[in-house]
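Here's the letter readout for the chains.
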Amino acid sequence: MLTARAADADYVEAAHAVRGVAYVCRGCGAPVILHAGQIRPWHFQHHPDATCAFGSKMSEAHLNAQRALAAALRARGVHVELEAWLPSLAGDRRIDVLAHPAGQADRRVAIEVQQVDITDEAIAVRTASYRVQAVAPLWLRLTDFGRFDEAHVLTATGEIWIERYAARSWERWAHDQVGELWFYDAGAARLWRGRFVQAFGWHEGSEWYEAGGVYQSNPGGYSPVTRWVGLALEGPYAPEALRLMRGRVQRAARALSAWFVPPDGTMSPWPLRRELRTVLQFRPVFPMQVCELEQCIEGRWLPARIEDAPGDWRRLGAQGGAHARIGVEGRRSPDAAPMGRDSHQPPD
Ligand SMILES: [Zn+2]
């Protein structure tokens, strides 16, 4: 865990902890050990026999992502608490990064850095528990894009294109709340805006006679592929280059959500990625299925052009810099009005 309590302070982050001082768990009050090493980020840990769920072991990538997000937000005056607790949360589980604009504690955003799988039910319950407290959830997928050995570029938009991304169920759930899913690439410490593109498989029609001579037929057609989606990635962005937004999103029945906004200020222009689709076709010429990306242009589906991604795509053109303005933005009365996300209007 990244935070603990001391005799004179309720909230101490490990990065500012002092060797030799006694620290206790913010959840159970038991003594914790400060790990202040050279390689892993400084953190606290329970004694091995502790049963407390708060501060269960986080990966180094997870701790680094939390710290990078906190530092980027704080650099712009946003108030940040790590491993925060809300009364509506069941159990000992904490919020990875709880942020709000300075002096506006009623406009909180909970950033959850999710590395492992969780059930649809668990993410729905947790999301609801935030919204009940008027905290806007942002589910951030922590992964390492180094594991993708093949990436392309969508020629029309310049986005990185991963042809078959085995999206977890919770990723689809979170994606469908706001129409996009943000990724944190642990290997490069960069963020990407991801949009899922539905794939369709073509199956041939068939006809047959059942016992008794009853004629049956299946006309064939396209059906959605469920094992994977196409993934279009926009970025990469340095954490300090992004603004954090909160508001009500039509796609989630006007429920409160949070998301990042890139420096150029464009909101999601497509609530659903309807202008792209992947189609699996069986080509008799090659005795195999071929995967084709198609783009809808003026009502017609045409092959979309892709090219090979450059070898350094994970770090290429990372946007950021001292000039980037960031903050938790949005309307003053957060729940009074939508932020225009689905109506193609820029935020305030
Ligand atoms: Zn504890």
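It should be noted that the structure appears before, not after, this text.
What counts and how
Here, residues in each chain are numbered from 1, in the same order as that chain's written sequence. With the structure being a predicted model, the display of local features is reserved for residues of pLDDT at least 70 and the display and counting of side-chain atom pairs for 80 or more, all residues being used for whole-chain, interface and lining totals. Water and hydrogen atoms were dropped before computing side-chain values, which therefore reflect all heavy atoms in the structure. Metal donors: N, O and S atoms at distances within 2.8 Å, or within 3.2 Å for Na, K and Ca, with water omitted from the atom set so that some sites may seem incomplete. Just to be clear on the cut-offs, tetrahedral is four donors with all angles between 85 and 135 degrees, square planar is four donors and octahedral six with opposite donors over 155 degrees apart and all others between 65 and 115, and anything else goes down as irregular. Where helices and strands are cited, they refer to DSSP runs of H or I of at least four residues and of E of at least two residues respectively, numbered from the N terminus. Partly exposed residues are those whose accessible area sits between 20% and 50% of the maximum for their type, while under 20% is buried and over 50% is exposed, using a 1.4 Å probe and protein chains only. As used in this record, nonpolar core signifies buried Ala, Val, Leu, Ile, Met, Phe, Trp, Tyr and Cys residues forming a set joined through side-chain atoms within 4.5 Å. Here, two residues are considered to be in contact whenever any of their heavy atoms come within 4.5 Å of each other. Whether two aromatic rings pair depends on their centres lying within 6.5 Å, for rings of Phe, Tyr and Trp, where Trp uses its six-membered ring; planes under 30 degrees apart make the pair stacked, over 60 edge-to-face, and the rest tilted. Here, any two strands with at least 2 DSSP bridges between them count as paired. Only the stretch in contact is used when a helix axis is fitted, and all axes are lines through C-alpha atoms; the angle between N-to-C directions ranges over 0 to 180 degrees. Salt bridges are identified by distance alone: a Lys or Arg side-chain nitrogen within 4 Å of an Asp or Glu carboxyl oxygen. Two distance rules govern patches: like charges are joined within 9 Å, and nonpolar side chains (Val, Leu, Ile, Met, Phe, Trp, Tyr) within 5 Å, applied only to residues with over 30% relative accessible area and no salt bridge. In these tables, accessible area is a Shrake-Rupley quantity obtained with a 1.4 Å probe, and a residue counts as shielded only by the protein chains included in the view. Counted as positive: Lys and Arg. Counted as negative: Asp and Glu, with His and the chain ends omitted from the count. The atoms used to mark charge sites are NZ of Lys, CZ of Arg, CG of Asp and CD of Glu.

Caption draft 1: Spotlight on the coordination of the zinc ion. Within the protein, Cys25 (SG), Cys28 (SG), His46 (NE2) and Cys52 (SG) serve as the donor atoms for the zinc ion, at 2.1 to 2.3 Å. For the zinc ion, the 4 donor atoms in the first shell make angles of 97 to 119 degrees at the metal, so the coordination geometry reads as tetrahedral. Donor residues for the zinc ion sit on one chain with the sequence pattern C-x2-C-x17-H-x5-C. Note that cysteine 25 is positioned in the loop between strand S3 (23–24) and strand S4 (31–35) and cysteine 52 in the loop between strand S5 (43–46) and helix H1 (60–74), a separation of 27 residues in sequence. An identical accessibility class is assigned to cysteine 25 and cysteine 52; each is buried.

Caption draft 2: Here's a closer look at the nonpolar core. Core analysis: the biggest nonpolar cluster contains 32 residues, and Ile111, Leu140 and Phe260 have the highest contact counts within it. Every residue in contact with phenylalanine 260, bar those within four places of it in the chain, is listed here: Leu69, Ile111, Leu138, Leu140, Glu180, Trp182, Leu191, Leu242, Arg243 and Leu244. Counting residues in each nonpolar core, the second largest holds 29 residues, with Tyr165, Ala167, Trp170 and Leu181 among its members.

Caption draft 3: View of the packing of aromatic side chains. For the structure shown, the criterion picks out 13 aromatic pairs. Aromatic pair phenylalanine 145 and phenylalanine 148: ring centres 5.4 Å apart, planes at 35 degrees, arrangement tilted. By relative accessible area, which is 14% here, phenylalanine 148 ends up buried. Measuring from ring centre to ring centre gives 5.8 Å for tyrosine 165 and phenylalanine 183, while their planes differ by 80 degrees; the resulting arrangement is edge-to-face.

Caption draft 4: The arrangement of the sheet that holds strand S9 (residues 136–143) in detail. Read from one edge to the other, the open sheet built from 10 strands follows the order S6-S7-S8-S9-S12-S13-S18-S11-S10-S24, with strand pairing classed as mixed. Looking at the sheet topology across the chains shown, the edges are occupied by strand S6 (78–84) and strand S24 (306–308). Averaged over all pairs of adjacent strands, the angle between their axes in this sheet comes to 35 degrees, without regard to strand direction. Contacts between H1 and the sheet are confined to S6, strand S7 (95–101), strand S8 (109–114), S9, strand S12 (181–185) and strand S13 (190–197), with S6 contributing the most and set at about 160 degrees to the helix. Packing against the sheet, helix H2 (residues 120–132) makes contact with S7, S8 and S9, and its axis sits at approximately 140 degrees to S9.

Caption draft 5: Local environment of the sheet that holds strand S1 (residues 3–6). What the 5 strands build is an open sheet, ordered S2-S1-S3-S4-S5; its pairing is antiparallel. Both outer strands of the open sheet, strand S2 (9–13) and S5, are each paired with one neighbouring strand and no more. Note: S4 against S5, 4 bridges, orientation antiparallel. In the strand pairing of S5, leucine 34 is matched with phenylalanine 44.

Caption draft 6: Geometry of the pattern of salt bridges. Taken as a whole, this structure holds 13 salt bridges when the rule is applied. With its nearest N and O atoms 3.0 Å apart, the salt bridge here joins arginine 168 to aspartate 117. Highlighted residues: arginine 168 in the loop between strand S11 (160–165) and helix H3 (169–178) and aspartate 117 in the loop between S8 and H2, separated in sequence by 51 residues. Note on arginine 168: relative accessible area 36%, which makes it partly exposed. One salt bridge connects glutamate 163 with arginine 164, and the closest N-O pair in it is separated by 4.0 Å.

Caption draft 7: Looking closely at the environment of proline 48. On the secondary structure map, proline 48 appears in the loop between S5 and H1. Along the primary structure proline 48 and valine 32 are separated by 16 residues, whereas in three dimensions their C-alpha atoms are 9.9 Å apart.

Caption draft 8: Region of the structure containing a negative patch on the surface. The grouping of Asp149, Glu150, Glu307 and Asp308 at the surface amounts to a negative patch. Mapped onto the elements, glutamate 307 comes out in strand S24.

Caption draft 9: Molecular detail of the environment of glutamate 294. Here glutamate 294 is to be found in strand S22 (residues 288–297). Overall, glutamate 294 belongs to the buried group, its relative accessible area being 10%. Note: C-alpha distance between glutamate 294 and arginine 305 (11 residues apart in sequence) is 8.4 Å. The contact partners of glutamate 294, leaving out residues within four places of it in the chain, are Glu275, Leu276, Arg277, Val279, Trp301, Leu302, Pro303 and Ala304.

Caption draft 10: Fine view of the pairing of S2. By the bridge criterion, 3 bridges tie S1 to S2 in an arrangement that is antiparallel. Residue pairing for S2: alanine 6 is matched across the bridge by alanine 9. Where S1 folds back onto S2 in an antiparallel hairpin, the turn is made up of 2 residues.

Caption draft 11: Representation of the side chain of arginine 277. The topology assignment puts arginine 277 in strand S21 (residues 276–283). For arginine 277, a relative accessible area of 19% translates into the label buried. Among residues more than four places away in sequence, those in contact with arginine 277 are Val197, Gln198, Phe200, Glu292, Leu293, Glu294 and Trp301.

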